[in-house]
2 protein chains.
Amino acid sequence: MNRAGNPTISDVAARAGVSVPTVSRVLTGAARVSPAKRELVEAAIADLGYRPSAAARALVSRKPQTIAIIAGNTSRYGYAETIRGIEIAARAEGYTVMITVVESADEDEVDRAIAATLTQPLAGVAVLKFDPPGVAALAKIPPHLPVVALSGVRDPATPQAVLDEAAAADELTRHLLDLGHTTVHHVRVPPSRKVDGRTTGWRRALRRAGAPVPAAVDATWDPRSGVAIGRALAADPAVTAVFCGNDEIAMGVMRGITEAGLRIPDDVSVAGFDDNPLAELWSPPLTTVEQDFAGLGGRGFQLLLNAVDGTDDRRYSSERPRLVLRASTAAPKPRA
Amino acid sequence: MNRAGNPTISDVAARAGVSVPTVSRVLTGAARVSPAKRELVEAAIADLGYRPSAAARALVSRKPQTIAIIAGNTSRYGYAETIRGIEIAARAEGYTVMITVVESADEDEVDRAIAATLTQPLAGVAVLKFDPPGVAALAKIPPHLPVVALSGVRDPATPQAVLDEAAAADELTRHLLDLGHTTVHHVRVPPSRKVDGRTTGWRRALRRAGAPVPAAVDATWDPRSGVAIGRALAADPAVTAVFCGNDEIAMGVMRGITEAGLRIPDDVSVAGFDDNPLAELWSPPLTTVEQDFAGLGGRGFQLLLNAVDGTDDRRYSSERPRLVLRASTAAPKPRA
DNA sequence: TTGAAAGCGCTAACAG
DNA sequence: CTGTTAGCGCTTTCAA
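Per chain, residue numbering runs from 1 following the sequence as it is written. Labels are handed out in written order, letters beginning with A for the chains and numbers beginning with 1 for the ligands. Per-residue local features are limited, in this predicted model, to residues with pLDDT of at least 70; the limit for side-chain atom pairs, both in listing and counting, is 80 or more; totals at the level of whole chains, interfaces and linings are taken over all residues. Hydrogen atoms and water are omitted, and side-chain values are computed over all heavy atoms in the structure.

Whether parallel or antiparallel, the strands of a sheet pair through hydrogen bonds between backbone atoms. All names here are of chain A. Overall, parallel pairing links the 4 strands, which are arranged S7-S6-S8-S9 in an open sheet. With partners counted over all chains shown, the strands left at the sheet margins are strand S7 (217-218) and strand S9 (269-271), one partner each. In the sheet, strand S6 (residues 185-188) pairs with strand S8 (residues 241-244) via 3 bridges, with the strands oriented parallel. Looking at the pairing, His 185 lines up with Val 242 of S8. Contacting S8 and S9, helix H8 (residues 165-178) runs over the sheet at an angle of about 170 degrees to S8. We call two residues in contact whenever any of their non-hydrogen atoms come within 4.5 Å of each other. Lines fitted to the C-alpha atoms define the axes, with helices restricted to the stretch that makes contact. Angles between their N-to-C directions range from 0 to 180 degrees. Helical segments are the DSSP runs of H or I of at least four residues, strand segments are the runs of E of at least two, and each set is numbered from the N terminus. Contacts from helix H9 (residues 197-209) reach S6 and S8, with the element oriented near 170 degrees to S6. Strand pairing is defined by DSSP finding a minimum of two bridges between the two strands.

Let us now look at the relation of the copies chain B and chain A. Here the copies were fitted onto each other by least squares, based on C-alpha atoms from residues at pLDDT of at least 70 in both. For these two chains of identical sequence, chain B goes onto chain A by a turn of 180 degrees and a shift of 0.1 Å along the axis, with RMSD 0.3 Å. Interpreted geometrically, this transformation is the action of a two-fold axis. No C-alpha of chain B lies nearer the rotation axis than that of Met98(B), which sits 2.0 Å from it. Counting the interface residues of chain B, we find that 98% of their copies in chain A are interface residues as well, pointing to one common contact surface.

Moving on, we get to the packing of helix H10 (residues 225-234) of chain A against helix H11 (residues 247-259) of chain A. All names here are of chain A. Packing of H10 against H11 brings their axes to within 6 Å, and their N-to-C directions diverge by 45 degrees. Between H10 and H11, the crossing angle belongs to the class labelled oblique. For the element pair H10 and H11, the recorded crossing hand is right-handed. For the pair H10 and H11, the contacting residues are Ser 225, Gly 226, Val 227, Ile 229, Gly 230, Arg 231, Leu 233 and Ala 234 in the first and Ile 249, Gly 252, Val 253, Arg 255, Gly 256, Ile 257 and Glu 259 in the second. Put simply, angles under 35 degrees are roughly parallel, angles over 145 are roughly antiparallel, angles from 65 to 115 are roughly perpendicular, and the rest are oblique. With the far helix as reference, a near helix turned anticlockwise by less than a right angle produces a left-handed crossing, and one turned clockwise produces a right-handed crossing.

Another point: the protein's contact with DNA strand C. Put simply, a residue is near a molecule or strand once any heavy atom of it comes within 4 Å of that molecule or strand. Near DNA strand C, the surroundings consist of 29 residues, among which Asn2(A), Ile9(A), Tyr50(A), Arg57(A) and Arg25(B) are the closest. Among atoms of DNA strand C positioned within 4 Å of the protein, sugar and phosphate together represent 69%. At a separation of 2.6 Å, a phosphate oxygen of DNA strand C approaches a polar side-chain atom of Thr22(B). When residues of the surface near DNA strand C are traced back to their parent elements, those giving at least two are helix H2 (20-28) and helix H4 (54-61) of chain A together with helix H2 (20-28) and helix H4 (54-61) of chain B. In terms of residue count, the dominant contributor to the surface near DNA strand C is H2(A) (5 residues). Its residues assigned to classes, the surface near DNA strand C shows 12 nonpolar, 9 polar and 8 charged. Any pair of N or O atoms that falls within 3.5 Å is considered a polar contact. Within protein, one atom must be able to donate a hydrogen and the other to accept it, and sequence-neighbouring residues count only if both atoms are side-chain atoms. In this classification, Asp, Glu, Lys and Arg are treated as charged, Ala, Val, Leu, Ile, Met, Phe, Trp, Tyr, Cys and Pro as nonpolar, and every other residue, Gly included, as polar.

Neighbouring DNA strand D are 27 residues; Arg25(A), Arg32(A), Asn2(B), Ile9(B) and Tyr50(B) lie closest to it. A share of 68% is what sugar and phosphate atoms reach among the atoms of DNA strand D within 4 Å of the protein. Residue Ile9(B) places a main-chain N or O atom 2.2 Å away from a phosphate oxygen belonging to DNA strand D. Tyr50(B) places a polar side-chain atom, nitrogen or oxygen, 2.5 Å from a phosphate oxygen of DNA strand D. Tallying contributions element by element places H2(B) first for the surface near DNA strand D, with 5 residues. Tallied by class, the residues present in the surface near DNA strand D amount to 11 nonpolar, 8 polar and 8 charged.

Attention now moves to empty space enclosed by the protein. Here the idea is plain: a probe the size of a water molecule rolls over the atoms and shows the empty space left. With a 1 Å grid laid over protein atoms only, a set of points is called a cavity when a 1.4 Å probe fits there but cannot get out and a pocket when it is open yet has protein on both sides within 12 Å along at least five of seven lines; lining residues have an atom within 4 Å of a point. Grid points are joined across faces, edges and corners, and a volume is the space filled by probe spheres set on the points. Tallied over the full model, the rule gives 1 cavity of 30 Å³ or more. Around the largest cavity, the lining residues are Thr74(A), Ile83(A), Ile99(A), Thr74(B), Ile83(B) and Ile99(B). Tallied by class, residues from the lining of the largest cavity come to 4 nonpolar, 2 polar and no charged.

All names here are of chain A. All domain edges in this entry derive from an automatic or database-based domain assignment. Segmentation of chain A into domains returns domain 1 (9-53), domain 2 (66-163 + 293-321) and domain 3 (165-291). The C-alpha-based centres of domain 2 and domain 3 are spaced at 29 Å. Residue-level contacts link 14 residues of domain 2 with 18 residues of domain 3. Note on terms: buried area is the combined drop in 1.4 Å-probe accessible area of two parts once they are placed together, counting the loss on both. For the pair domain 2 and domain 3, the summed buried area comes to about 1,400 Å², and 58% of that belongs to carbon and sulfur atoms. It is Tyr 77, Phe 293 and Pro 321 that lose the most area in domain 2 upon contact with domain 3, and together they represent 38% of the buried surface on that side. Should a side-chain nitrogen of Lys or Arg be within 4 Å of a carboxyl oxygen of Asp or Glu, the pair is scored as a salt bridge. The interface formed by domain 2 and domain 3 includes 1 salt bridge. As a salt-bridge pair, Glu 171 and Arg 320 come within 3.2 Å of each other at their nearest N and O atoms.

Below, the structure is given as structure tokens:
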């Protein structure tokens, strides 16, 4: 019994009448143990309700079974789903997950978060490179620690799992152009850097089509920030199609446009990104891009595992999100 | 240097020309150290980029700085916000947070999750008692470990932070009744138990008003499950007001009602619960109950801290959610 | 104020 | 197959 009242491995050994290492052997399966002793040990473990101490194990074996996720946020849709995907994959492999939130890219804040995290015995770290705090945190991870970046700008220096947002944004923009819109306006969510896949793909599609490239409008993460933007967009007769950086913002923008007296999609087409569960229930149902965030998390974890045990050396995983056409986009009609 | 290439406390000691315990003393502040040596040690720590190992610390000191959150889900709105609230409060107190997901109340799954969690050196555990997996997990936490339940049925055996959902549901139902509705129908989200605050408050208000109590309809967590329910409700002329267990379901129900050709709130009033960020952007903006989930998480962490260090013995914290009246509810009008 | 010694709970050699 | 011996990185006695 230790100070917290938990049985220890030596309690088990004593009860089973074997040595401590023998107990360890049945626990880890590191060596063969005779069936007789194994049974004794298992019985003792069950009787005592013994649980091995991860701290002691990590200390001596250097094979920690914990990974840390560093994220700028834990509750927004894409973040939460990605974290869920990592957690599920990690759990399936017997890993425990620890979460550290870094709310700003402020150096002190990042340092503090990293320090708190690295204090733990970690098999590796997954960083959500969705935003500036994520980018800043990734830069501070010590080189010897296995790491994977989820999303973000391509960087060969680090294993990375991404969703090919640029390709999807390109496809969505092209779709709008094909519908007959002269150009497509764009409302951005706070980008992780100067470059942002959604914006890049949008611009690329416009350029390729020879369409004018309007200035992108910046929204915040708060869906309400889209309302004022929607109103302003509605006031400009040149605006017939709007591509928003995520579904929440799109919903805000739609509300602003509607409040201004225009109809969607008759007067203005609006598309989002992410395929939030509420997107298909919106009125009108929102055209968007389905992003498999949970899958992103799962692929990221696999890459991290590769980096940890080195069996597989794949370091990059990209998946193309899927366009979901719904009723919020249509061919332009001359405004009444 | 240990095997992972990290400097250890003895590297620091060697570099500073002092003993290991002296380094430990400046680290923990457990005893006075002469300014001269302290400076030497601090310089060595900085030079080496030394970070104490939480595993070793936890092993010897039995004062772990990690708490575990056990949750049935990490990405749904209320869950994610609550987790965020706990994380923020914990971080402010120097605690690291670990997350374990228990997806079903299945005994094996719960046991496995608990076992994986308890293996870590933990100061305490916060359980989201939002659903059956949460309830099942709570029952399995060993008695010596400090624990707090977030939400759920009142249980004096465990420190608990709640949102008084019954009071809020009662208030909302009464509001609908006061508007002139003969009764209020109710669509439930999967309850954590037979009793569920939202349903209880709804029923209480109806009974007190002498209004008929219709059978509650069960939805799943998927907002789409609300659509079919909405259609069915629309087919019943007796339905003029619907109170839904959460906003997502309410959005699905509204869509079903609209698809059936009825208008909201003219033909049917619909109210939700939670005040999802999208609720106010919905058409029409959704009447709901604002739940401060992040605050719930924060209060829960405080209670856990009380249980851990025993300075304060408060074990219960309840807060009354706030009614938010918007355009989805109105006085009943005879259907055309 | 400081160092030497002991030991947290466990796994990794190493004999036997 | 199994026990003995070390020792992980740290804090906690205990003397000095």
